[in-house]
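Structural features, examined
Below are the chains, spelled out letter by letter.
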Amino acid sequence: MTTTASRPTEGDVPKGDSRLVEMAWDPITRIVGNLGIYTKIDFEDRKVVECHSTSSLFRGYSVFMKGKDPRDAGFITSRICGICGDNHTTCSVYAQNMAYGIKPPILADWIINLGEAAEYIFDHTLFQDNLVFVDYSEAMVKDTNPSVLRRAESTEAPNAAVHGLRTIADIMRSFNPFEGDLYKEALQVSRITREMFCLMEGRHVHPSTVYPGGVGTMPSPSVFTDYLSKLMQVMDFIKRSVAMNDDVFDFFYEALPGYEEVGRRRVLLGCWGAFQNPDVCDYRYETMSDWGRAMYVTPSVIVDGKLLTTDLVDINLGIRILLGSSYYDDWAAEDPFVTHDPLGNPVDHRHPWNQTTLPTPQKRDFDGNYSWVMSPRWFDKNSGEHLALDTGGGAFARLYSTALAGIVDTPYVKATGSSVQISLPRGGNLPEQVLEWHIPKWSNAIERNRARVYFVAYAAAMALFFVEKAMDRVRAGDTKVFQDFEVPDEAIGCGFHEAVRGVLSHHLVIKDKKIANYHPYPPTPWNGSPRDSFGTPGPYEDAIQGTPIFEENGPDDFRGIDIMRAVRSFDPCLPCGVHMYVGSGKTVQKLHSPMFGANHG
Amino acid sequence: MAEIKVGKPDVAPDTTAHTKGVPQGNRKNAYERMIGHHRDGTADARRSTGISPKEHDAILPTMPNVPPA
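The text that follows walks through the structure, step by step, so that each part is easy to find. (Residues numbered from 1 in each chain as written. Chains lettered and ligands numbered in written order. Predicted model: local features only at pLDDT ≥ 70, side-chain atom pairs only at ≥ 80, totals over all residues. Heavy atoms only, no water.)

What about the overall build of chain A?
Secondary structure summary: chain A contains 17 helices and 18 strands in total. Against the globule reference of 25 Å for 601 residues, chain A gives a C-alpha radius of gyration of 23 Å, in line with a compact fold. C-alpha extents for chain A along the principal axes are approximately 65 × 65 × 40 Å. Relative to its 601 residues, chain A shows a buried fraction of 65%. Taking the intrachain contacts of chain A between residues at least 6 apart in sequence as the baseline, contacts between residues at least 24 apart amount to 72%. On chain A, roughly 19,700 Å² of surface is accessible, and the fraction owed to carbon and sulfur atoms is 50%. Computed over 58 positive and 76 negative side-chain charges, the separation of the two mean positions in chain A equals 2 Å. (Helix = DSSP H or I, 4+ residues; strand = E, 2+ residues; numbered from the N terminus. Rg over C-alpha atoms; globule rule 2.2 N^0.38 Å. Buried < 20%, exposed > 50% of the residue type's maximum accessible area, 1.4 Å probe, protein only. Contact = heavy atoms within 4.5 Å. Areas by Shrake-Rupley, 256 points an atom, 1.4 Å probe, with all protein chains shown as cover. Lys, Arg positive; Asp, Glu negative; His and termini not counted. Charge placed at Lys NZ, Arg CZ, Asp CG, Glu CD.)

Here is the structure:
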């Protein structure tokens, strides 16, 4: 369903309608354990009628960052996340480089790019193969859709020559948690890729060698050759993963006609760009449009399959933080920090640079305020709409944006305007392979998941390019990785990056050499936001409302697998423990955690 | 741990970073003062070791001087 198409809303659903069953999953995420999905399901029509996403945990980084030394920001904000903390460090460093007026040495940017590429490979692999695929494993499908599993047993896998598994059911068996071959191999791969990360950024997941001004990594040739040898170790795994993903996801479309509607919403995507091009990037706001477009993942806002902009200045000025259903007081009466950007453009009072966080704890009320997440929106000055952008779990928006913009052109990755071509070299067992990710027809659960594995290939191919660029500099004797600087009395900065699961921005205001205002906006506030002050639902809510139910179980033993697939496709950090509440007053005491498989209920 | 005689520290080891008197790695001209680092971004073996550093430098002037570790 889309935000624009008409559909039943709260007003259309008669309260107490006996056909509707309330079902809730709370908490869903592991890292902060704070995402809840509350739904009303019509089991006769077999679809979700209403959905609210809620967060019950307040973090308060924007509150306690005030007054701190800005050089500490990267180390503190890293702790926002336990899996992609380095994305925060990197983004904070980008914002600080701008605020301090630093152009770091070129080699430092290649090293950060290499670290971030390893992070994407690691995190996407861990999430996809160890958490998402549990929902598509033999154990789960046997429990939720036995007829689909029967069909999978007799369906030949089209890419069997690449991954070596004869039927779709064989692939599903390899997804089985703790037992499946892919599940176990993915754990090994996530170890190797974390080692790659540590070579570049010192420590996972809170880097010890990434600072404003550069890095503390010693750029010895062996650092890069160690990285390269580990990268080549996982190359064949990536090729097999892509083939298995394509086979299973294509099978789901075929076996369950209409499955493209699960988790579907209008194409409203945001990507803030990743992998700086140090030959162009000088971290100055005045030139941000140019170096933003030179990034090796192109930033953009995409609506209905069309690019609205690839200009980071436009993207920055369009960000609005709305309230509406959040536990905060409005900051309309507070003084703004930044009235104009360095180019002289006016900065809105609802922009993160001007935000003041005023928490107001209160009882959860789905007719009023029900979440600690605010509602970030992107203001489209042409249409006057506040767009509820999602990130498609990160990879989907990154590939979509890069493909559509058609700017990226490297020896291993090329954007064509409608697709991204990724060349992977020969590995231990498999030959050289050229993969192509095409812009799909839908923004739905399956395409978000499919994009994730293709972005693993994208990051691996980019890492090859970065390691070659870095080695070229080291071979020429360039080992400078840090640029000294002074902290100014007053400055502003903004950093734009891609956390593994999507857009990431850090906005910084410095006064008297201290932080006066600091607002990180990671992907989950965009994806998991509640209804905003215009009543527009957040992306999770929007994608789940109207999702059809394909699960064969009835209300009594309902797993909510289609809803979970829709939510998890957005990569809401690491879903693990899920417990279920049935709204008729009966609490299901049995905790079921799909991570452990359907048989471990 | 070997008993190595060291001088009295100027500040307590747990003094927070950015305390007045503690040298800051990012301070202006810090790069030029660091031994073994050259202004043009290259380095020599003194960056990595003080023990016979010249033996670890490149053996020919046309070769890049990559510090040992």
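What about the overall build of chain B?
The helix and strand tally for chain B stands at one helix and zero strands. When the 69 residues of chain B are sorted by exposure, 20% land in the buried category. Of the contacts formed within chain B by residues at least 6 apart in sequence, a portion of 2% connects residues at least 24 apart. By element, 56% of the accessible surface of chain B is carried by carbon and sulfur atoms, the whole surface being about 5,700 Å².

Some remarks on helix α17 (residues 561–568) of chain A
The α-helix advances 3.6 residues per turn, and as a result positions three or four apart in sequence lie on the same side. The buried count for α17(A) comes to eight of eight residues, which makes it a mostly enclosed element. All buried positions along α17(A) are accounted for by A:I561, A:D562, A:I563, A:M564, A:R565, A:A566, A:V567 and A:R568.

A short note on the interface of chain B and chain A
Facing the 19 residues of chain B at the interface are 18 residues of chain A. Both sides together, the interface formed by chain B and chain A hides about 1,500 Å², and carbon and sulfur atoms give 53% of it. Between chain B and chain A we count zero salt bridges in total. For the interface between chain B and chain A, the tally reads eight residue pairs in polar contact (both at pLDDT 80 or more). (Buried area = accessible area lost by both parts, 1.4 Å probe. Salt bridge = Lys/Arg side-chain N within 4 Å of Asp/Glu carboxyl O. Polar contact = N/O pair within 3.5 Å; in protein donor to acceptor, adjacent residues only side chain to side chain.)

Considerations on the side chain of A:T155
Residues and elements named next belong to chain A. Within the secondary structure, T155 sits in the loop between α6 (146–153) and α7 (160–163). There is a polar contact of 2.6 Å between the side chain of T155 and the backbone oxygen of R151. The contact partners of T155, leaving out residues within four places of it in the chain, are R166, T167, I168 and F251.

Topic: the sheet that holds strand β17 (residues 514–521) of chain A
Residues and elements named next belong to chain A. An order of β15-β16-β17 is seen for the three strands of this open sheet, with the pairing classed as antiparallel. Of all strands in the sheet, those bounded by a partner on one side alone are β15 (491–499) and β17. Each neighbouring strand pair of the sheet contributes to a mean axis angle of 15°, computed without reference to strand direction. Here helix α3 (residues 85–100) sits on the sheet and contacts β15, β16 (502–511) and β17; the angle it forms with β15, its principal contact strand, is near 150°. (Pairing = 2+ DSSP bridges. Axes fitted to C-alpha atoms, helices over the stretch in contact; angles between N-to-C directions.)

Quick notes on the layout of surface pockets
The computed volume of the largest pocket comes to approximately 390 Å³. A:Y211, A:P212, A:F482, B:G25 and B:N26 are the residues nearest the centre of the largest pocket, which is lined by 19 residues in total. Counted by class, the lining of the largest pocket contains nine nonpolar, six polar and four charged residues. (1 Å grid on protein atoms, 1.4 Å probe; cavity = no way out; pocket = protein on both sides within 12 Å on 5 of 7 lines; lining within 4 Å. Points joined across faces, edges and corners; volume = space filled by probe spheres on them. Nonpolar A, V, L, I, M, F, W, Y, C, P; charged D, E, K, R; others polar.)

Side note on the packing of aromatic side chains
Residues and elements named next belong to chain A. On inspection of all chains with the given rule, the structure shows 38 aromatic pairs over all chains. Arranged with centres 5.8 Å apart and planes meeting at 50°, the rings of Y283 and W291 form a pair that is tilted. Residue class for W291 comes out buried when judged on its relative accessible area of 4%. Members of the aromatic cluster, joined through ring pairs, are W110, Y120, F275, Y296, F455, Y458, F465 and F466. It is R448 that lies over the ring of F570; its NZ or CZ is 4.0 Å from the centre. (Phe/Tyr/Trp six-rings, centres within 6.5 Å; stacked < 30°, edge-to-face > 60°. Lys NZ or Arg CZ within 6 Å of the ring centre and 35° of its normal.)

Re empty space enclosed by the protein
Residue and element names in this part refer to chain A. Applying the stated criterion to the full structure yields four cavities of 30 Å³ or more. A volume near 60 Å³ is recorded for the second largest cavity. Considering the residues around the second largest cavity, the lining is formed by H124, T125, Q128, D129, F237, I238, S241, V453 and V456. Looking at the lining of the second largest cavity, the elements with two or more residues in it are α4 (106–132), α10 (221–255) and α14 (445–475). Considering each element in turn, the lining of the second largest cavity owes the most residues, four residues, to α4. Class assignment for the residues of the lining of the second largest cavity results in four nonpolar, four polar and one charged.

Quick word on the nonpolar core
All names here are of chain A. In terms of nonpolar packing, the biggest core is built from 165 residues, with F224, Y227, F252, W272, F275, Y458 and I563 touching the most fellow members. The greatest single-element share of this core, amounting to 21 residues, is contributed by α14. Excluding residues that lie within four positions of it along the chain, I563 makes contacts with W25, I37, T39, I41, V48, I544, I549 and F558. In this structure, A99, I102, V487 and I510 belong to the second largest nonpolar core, which totals 13 residues. (Core = buried A, V, L, I, M, F, W, Y, C linked by side-chain atoms within 4.5 Å.)

Side note on the packing of α6(A) against α10(A)
Residue and element names in this part refer to chain A. Two elements in contact, α6 and α10, have axes whose closest approach is 11 Å; the angle formed by their N-to-C orientations is 120°. The orientation of α6 relative to α10 falls into the category oblique. The chirality of how α6 crosses α10 is right-handed. Contact with α6, carried on its side by V148, R151 and A152, involves F251, E254 and A255 of α10 and no other residues of that element. Tallied by class, residues from the contact of α6 with α10 come to four nonpolar, no polar and two charged. (Parallel < 35°, antiparallel > 145°, perpendicular 65-115°, else oblique. Left-handed = near helix turned anticlockwise from the far one by under 90°.)

So, the sheet that holds strand β12 (residues 413–415) of chain A
Residues and elements named next belong to chain A. One open sheet holds the three strands; their spatial order is β12-β13-β14, and the pairing between them is antiparallel. Every interior strand has two partners, whereas the edge strands, β12 and β14 (433–438), have only one. The average undirected angle you get between the axes of adjacent strands in this sheet is 15°. Across six bridges, the pairing between strand β13 (residues 419–424) and β14 is antiparallel. Bridge pairing links V420 to W437 in β14. With respect to the sheet, α14 is in contact with β12, β13 and β14, its orientation differing from that of β13 by roughly 55°.

Some remarks on the environment of A:H204
Residues and elements named next belong to chain A. Of note, H204 is situated in the loop between α9 (181–201) and β4 (210–211). For the pair H204 and A160, spaced 44 residues apart in sequence, the C-alpha to C-alpha distance is 35 Å. When residues no more than four places from it in sequence are discounted, the contact partners of H204 are I83, D86, E119, F122, R194, F197 and C198. At 2.8 Å, the side chain of H204 and the side chain of E119 are in polar contact.

Considering the environment of A:E44
Among the structural elements, A:E44 can be located in the loop between β2 (35–42) and β3 (47–55). Counting along the chain gives 24 residues from A:E44 to A:L20, while the straight-line C-alpha distance between them is 8.7 Å.

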